[in-house]
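Residues per chain are reported as follows:
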Amino acid sequence: MLFLVAALLLLGVVLGTVAHAPLSFTVVAAVVIGVWLAVFAVRERRGRRRPTSG
């Protein structure tokens, strides 16, 4: 429950910050975060396909 409250508080702070940031900065930040998440997803998929050598 505490995690949920902290997540909602952080979301409110971030959305409040984005509301006051210029649109160009918001778009650039969104693209950077999206690329980072895409790279992370690709690396995770590749890691799961490899057989583990135990």
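Everything discussed here concerns the structure shown above.
What counts and what doesn't
Residues numbered from 1 in each chain as written. Predicted model: local features only at pLDDT ≥ 70, side-chain atom pairs only at ≥ 80, totals over all residues. Heavy atoms only, no water. Helix = DSSP H or I, 4+ residues; strand = E, 2+ residues; numbered from the N terminus. Rg over C-alpha atoms; globule rule 2.2 N^0.38 Å. Buried < 20%, exposed > 50% of the residue type's maximum accessible area, 1.4 Å probe, protein only. Areas by Shrake-Rupley, 256 points an atom, 1.4 Å probe, with all protein chains shown as cover. Patch = residues over 30% accessible without salt bridge, like charges linked within 9 Å, V, L, I, M, F, W, Y side chains within 5 Å. Salt bridge = Lys/Arg side-chain N within 4 Å of Asp/Glu carboxyl O.

### Focus on the overall build of the protein chain
- Tallying secondary structure elements over the protein chain gives 2 helices and 0 strands in all.
- Relative to the 2.2 N^0.38 estimate, which gives 10 Å for 54 residues, the radius of gyration of the protein chain is 17 Å and therefore markedly larger than a compact globule would have.
- Looking at the 54 residues of the protein chain, the share that counts as buried comes to 0%.
- A total of about 5,300 Å² of accessible surface is found on the protein chain, and carbon and sulfur atoms cover 74% of it.

### What to know about the environment of glycine 16
- Counting through the fold element by element, glycine 16 comes out in helix α1 (residues 2-20).
- C-alpha of glycine 16 to C-alpha of alanine 6: the two residues are 10 residues apart in sequence and 15 Å apart in space.

### Some remarks on a nonpolar patch on the surface
- A contiguous nonpolar patch, built from Met1, Leu2, Leu4, Val5, Leu8, Leu11 and Leu15 and spanning about 790 Å² of accessible area, is present on the exposed surface.
- Summarising the element assignment, leucine 2 is placed in helix α1.

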